[in-house]
Amino acid sequence: MKKLNVGIFGAGRIGQIHAMNLVNNPNINIKRIVDPFADKLKDFEEKIGIKLETDPDVIFNDEEIEAVLICTPTDTHVDYIVKSAEKGKHIFCEKPVSLSDEESMKAYKAVKEAGVKFQIGVNRRYDRNFAYVKKLIDDGKVGDLELVRVDSRDPEAPPLSYVKSSGGLFMDMTIHDFDMARFLTGKEVVEVYTQATVKCNKEIEGVDVDTAIINLIFEDDSIGVILNSRRAAYGYDQRVEAFGSKGTAMVENDLEAN
Ligand SMILES: NC(=O)c1ccc[n+]([C@@H]2O[C@H](COP(=O)([O-])OP(=O)(O)OC[C@H]3O[C@@H](n4cnc5c(N)ncnc54)[C@H](O)[C@@H]3O)[C@@H](O)[C@H]2O)c1
C-alpha cells in the first residue's frame, strides 16, 4: 500500500506527540518537519531520526507532500491553513483554528475553495469510552437527552507566558468540552452562563481564569454543565454523563486497577 507523505509544521509539545504517533503508523511517511527553533530541538530530532528544517516553503513546495499537520502556536494557524489549502494539501490543524471569527472564516473559505480535507484537533471524540457514550445516545438507550455533564481537569496549570497567548481558558481548554457537549447532544448551544475564578495559579490574575463552571442551554431546551480546572493534583481527569428519559450513561478516565 502506498504511504501518505506528510509534512509537520511545529515540533513543540503537541507536534512531537503527533509526530511520534505517525512514526508508528505504517500508512504514513513523515517527509519533512519544520520548526524555526529547530536548533533547540536536537533531542527530539535524534529521537525521531528526521532532520528538522526551518523554512515552511520546503513543505509548501514539496509536491510529494499530500497532507500537513499544523502544530504551531495558535496565532499562526490561519496563515498555514490558507497556504496549505492553496497548495492543494489536506490539513490537520490543532485547535483552536484562531482566536477570531473573522480569521477562522478566512481559513474555512480557503479550505472550501481548495476542496481539501480539513480536520481540527478535537481529539476527545475519538476516545473509545466517550465514543461509546455517543453510541448509547445514538442507539436510543438513554432516551431523550435532558442533561449533559462534562468534567474536565488538566493535570497542571500552564505558566503565565502560555496563558497570555493561548486565548484563555475558554478558547484553549473548554473548547474541547464545548465540542464534547455538541458532539454528544448533536445540538447547538443557544445560551451560555459562566462563573469563573483563579484558584490554581495566582500569577494569572487579571489575565485569565483557571477554575470555571459553564452552564449551557441547547436549542431543544435541554441543558448542560461543564466543570473546568487547569490543575488536578492527581492527574488528567475527564468524565462525562449523558442523562435522559430512559437512563444515564457516564464514563471516566480509564484507570489501571493495580
Ligand atoms: N488538541 C490538544 O489537546 C492540544 C494540546 C496542546 C496544544 N494544542 C494546540 O497546539 C498548538 C501548539 O501548542 P504547543 O503546546 O505544542 O506549543 P509549543 O509552544 O510547545 O510548540 C509550538 C512549536 O511551534 C514552533 N513554531 C513557532 N512558530 C512557528 C512557525 N511560524 N512555524 C513553524 N513552527 C513554529 C515553536 O518553535 C514550537 O516548537 C496550539 O494551537 C495549542 O492550542 C492542542
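Think of each chain on its own: its residues are numbered from 1, step by step along the sequence as written. The predicted nature of this model means local features are confined to residues of pLDDT at least 70 and side-chain atom pairs, given and counted, to a pLDDT of 80 or more, with totals for whole chains, interfaces and linings taken over all residues. Side-chain numbers come from the whole structure's heavy atoms, not from hydrogens or water.

Caption draft 1: Broad picture of the site of the ligand. In the vicinity of the ligand, 22 residues are found, and the nearest of them are Asp35, Thr74, Tyr80, Glu94 and Lys95. Definition of a polar contact: a pair of N or O atoms within 3.5 Å, with one able to donate and the other able to accept a hydrogen when the atoms are protein atoms, and with sequence-neighbouring residues admitted only if both atoms are side-chain atoms. Between the ligand and threonine 74, the relevant distance is 2.8 Å, taken from an oxygen atom to a side-chain nitrogen or oxygen of the residue. Taking asparagine 123, its side chain carries an N or O atom lying 3.4 Å from a nitrogen atom of the ligand. Protein contacts shield 78% of the accessible area of the ligand, which totals 840 Å² for the unbound molecule. Starting at the N terminus, helices and strands are each numbered in turn, a helix being any DSSP run of H or I of at least four residues and a strand any DSSP run of E of at least two. Contributing elements (two or more residues each) for the shell around the ligand: α1 (13–23) and α4 (77–86). Nearness here has a simple test: a residue counts as near a molecule or strand if at least one of its heavy atoms is within 4 Å of that partner. In these tables, accessible area is a Shrake-Rupley quantity obtained with a 1.4 Å probe, and a residue counts as shielded only by the protein chains included in the view.

Caption draft 2: Inspection of the state of the cysteines at higher detail. Two cysteine sulfur atoms make up a disulfide if the distance between them is within 2.5 Å. One pass over the full model with this rule turns up 0 disulfides. Sulfur of cysteine 93: no disulfide; nearest cysteine sulfur belongs to cysteine 71 and is 8.0 Å away.

Caption draft 3: Quick peek at helix α9 (residues 174–185). Here α9 is 12 residues long and its end C-alpha atoms lie 16 Å apart, about the 16 Å a rise of 1.5 Å per residue gives. Exposed residues in this analysis have more than 50% of their type's maximum accessible area, buried residues have under 20%, and partly exposed residues fall in between, with area computed by a 1.4 Å probe over protein chains only. Within α9, 9 of the 12 residues are buried, which leaves the element mostly enclosed by the surrounding structure. Buried residues of α9: Thr174, His176, Asp177, Asp179, Met180, Ala181, Phe183, Leu184 and Thr185, and no others. Any two residues having at least one pair of non-hydrogen atoms within 4.5 Å are treated as being in contact. Along its buried surface, α9 packs onto α6 (128–138), β6 (145–153), α8 (169–172), β8 (211–218), β9 (223–229) and β10 (237–244). Glycine 186 sits one or two residues past α9 and shows a positive phi near 70°. Any helix carries an expected span of 1.5 Å times its number of residues minus one.

Caption draft 4: Main features of the sheet that holds β10. The mixed open sheet is built from 6 strands, whose spatial order is β7-β8-β9-β6-β10-β11. Two strands lie at the open edges of the sheet, namely β7 (189–197) and β11 (248–251), each paired on one side alone. Adjacent strand axes in the sheet meet at a mean angle of 10°, parallel and antiparallel pairs treated alike. Only the stretch in contact is used when fitting a helix axis, every axis being a line fitted to C-alpha atoms; angles between N-to-C directions are given from 0 to 180 degrees. Relative to the sheet, α6 contacts β6, β10 and β11, its axis offset from that of β10 by approximately 5°. Sheet strands touched by α9: β6, β7, β8, β9 and β10. Its angle to β6, the strand with the most contacts, is close to 155°. Here, a strand pair is defined by DSSP locating no fewer than two bridges between the strands.

Caption draft 5: Local environment of the sheet that holds strand β1 (residues 4–9). Ordered by their spatial adjacency, 5 strands build an open sheet running β2-β1-β3-β4-β5, and the pairing between neighbours is parallel. The open sheet terminates on both sides in strands that have one partner only, identified here as β2 (28–34) and β5 (118–120). Each neighbouring strand pair of the sheet contributes to a mean axis angle of 20°, computed without reference to strand direction. As defined by bridge partners, β1 adjoins strand β3 (residues 67–70) across 4 bridges and the pair is classed as parallel. Within β3, the residue paired with valine 6 across the bridge is alanine 67. On top of the sheet, α1 reaches β1, β2, β3 and β4 (90–93); it is set at about 150° to β2, its chief contact.

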